[in-house]
Amino acid sequence: MSIASGTRGRHLTRRLVQLYVGLTLYGISSALLVLAGLGLEPWGVLHQGLAERTGLTIGVVSIVVGAVVLLLWIPIRQRPGLGTVSNVFVIGLAMDGTLALVPEIHGLPARIALLALGIVLNGVATGLYIAARFGPGPRDGLMTGLHRLTGRSIRLTRTLIEIAVVTTGFLLGGSVGVGTVLYALSIGPLAQFFLRFFAVPEATTDAAPETTAVGAPDATPGPGAVDAAVAPASPEGAILRR
């Protein structure tokens, strides 16, 4: 999908709002996990570890890593969408903004509450930006691109990459803990629920169907339509199969 190909069709304004609200909330939720200090999501562990080693903010590291991962799309012939490029910058900026504004949280009960809020908000954010259908984030596109090239399952490809990411991040000083485990167990069901909740109604006309960002023709969502639109082999499907 080209960067411009998702900027057509009905409900464009709503989809754009969902995309940028979702990406902003994703950055905020990631910052809340950092503030909770009970373990980060897999890529967050790597970002924090690199931030510890380089002296850069975790948001800047997130942007740099996202850009590097996006460059890896070139040899595996993945094409970015508007959401892909926006993902690189918006999440990192939202993370740094949140960390600059929200004070440190003390006390285990407050940190547990912040962890739970961060995980749920991350699920909301994921559902918002996937349902906008402007393309996957750089990291998910990398996983599905490698799946296509190697023939390995998405689940196996994702697991191997995220194990490597978590291990590297941990060795660099990133935070791995109960929050990492809870995130891994809960983000799939949460994202699936909010993807259905934020699904954008699609057109039902006699004209030829337009291909959406996830490769499905426009149609009015019915029972199970959202799941059908998110193909298991797509980057969006990979997000849901955590």
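In what follows, the structure referred to is the one given above.
Given the structure is predicted, the values throughout are model-derived calculations rather than measurements. (Residues numbered from 1 in each chain as written. Predicted model: local features only at pLDDT ≥ 70, side-chain atom pairs only at ≥ 80, totals over all residues. Heavy atoms only, no water.)

This paragraph deals with the pattern of salt bridges. Counted by the stated rule, this structure contains 2 salt bridges. Measuring nitrogen to oxygen at the nearest pair gives 2.9 Å for the salt bridge that ties Arg158 to Asp140. Remark: Asp140 occurs in helix H6 (residues 138–150) and Arg158 occurs in helix H7 (residues 154–172); sequence separation between them is 18 residues. Across the pair, Asp140 and Arg158 agree in class, each one buried. The partner of Arg158 in a salt bridge is Glu162, with the nearest N and O atoms 3.2 Å apart. In this pair, Arg158 and Glu162 are both assigned in helix H7, 4 residues apart and thus about one turn of the helix distant. Under the relative-accessibility criterion, Arg158 is labelled buried at 4%. (Salt bridge = Lys/Arg side-chain N within 4 Å of Asp/Glu carboxyl O. Helix = DSSP H or I, 4+ residues; strand = E, 2+ residues; numbered from the N terminus. Buried < 20%, exposed > 50% of the residue type's maximum accessible area, 1.4 Å probe, protein only.)

Quick look at the packing of helix H1 (residues 12–36) against helix H4 (residues 82–101) now. Across the interface, H1 lies against H4 with an axial gap of 7 Å and an inter-helix angle of 40°. One finds that H1 runs oblique with respect to H4. The chirality of how H1 crosses H4 is right-handed. Between H1 and H4, the contacting residues are Leu16, Leu19, Tyr20, Leu23, Thr24, Tyr26, Gly27, Ile28, Ser30, Ala31, Val34 and Leu35 on the first element and Leu82, Gly83, Ser86, Asn87, Val90, Ile91, Ala94, Met95, Thr98 and Leu99 on the second. (Axes fitted to C-alpha atoms, helices over the stretch in contact; angles between N-to-C directions. Parallel < 35°, antiparallel > 145°, perpendicular 65-115°, else oblique. Left-handed = near helix turned anticlockwise from the far one by under 90°. Contact = heavy atoms within 4.5 Å.)

For H6, with 13 residues, the first-to-last C-alpha span of 18 Å sits near the 18 Å given by 1.5 Å per residue. For H6, every residue scored as buried is listed here: Pro138, Arg139, Asp140, Gly141, Leu142, Met143, Thr144 and Gly145. (Expected span 1.5 Å × (residues − 1).)

This part covers the side chain of Arg139. Within the fold, Arg139 resides in helix H6. There is a polar contact of 3.1 Å between the side chain of Arg139 and the backbone oxygen of Ser62. (Polar contact = N/O pair within 3.5 Å; in protein donor to acceptor, adjacent residues only side chain to side chain.)

Time to look at the nonpolar core. Ranked by size, the top nonpolar core spans 49 residues in total, and within it Leu19 and Trp43 carry the most contacts. Of all elements in the fold, only H1, helix H2 (42–54), helix H3 (58–71), H4, helix H5 (108–131), H6, H7 and helix H8 (178–197) reach the threshold of two or more residues within this core. No other element matches the 10 residues that H5 contributes to this core. Residues in contact with Leu19, not counting those within four places in the same chain, are Leu82, Gly83, Ser86, Tyr129, Ala132 and Phe134. (Core = buried A, V, L, I, M, F, W, Y, C linked by side-chain atoms within 4.5 Å.)

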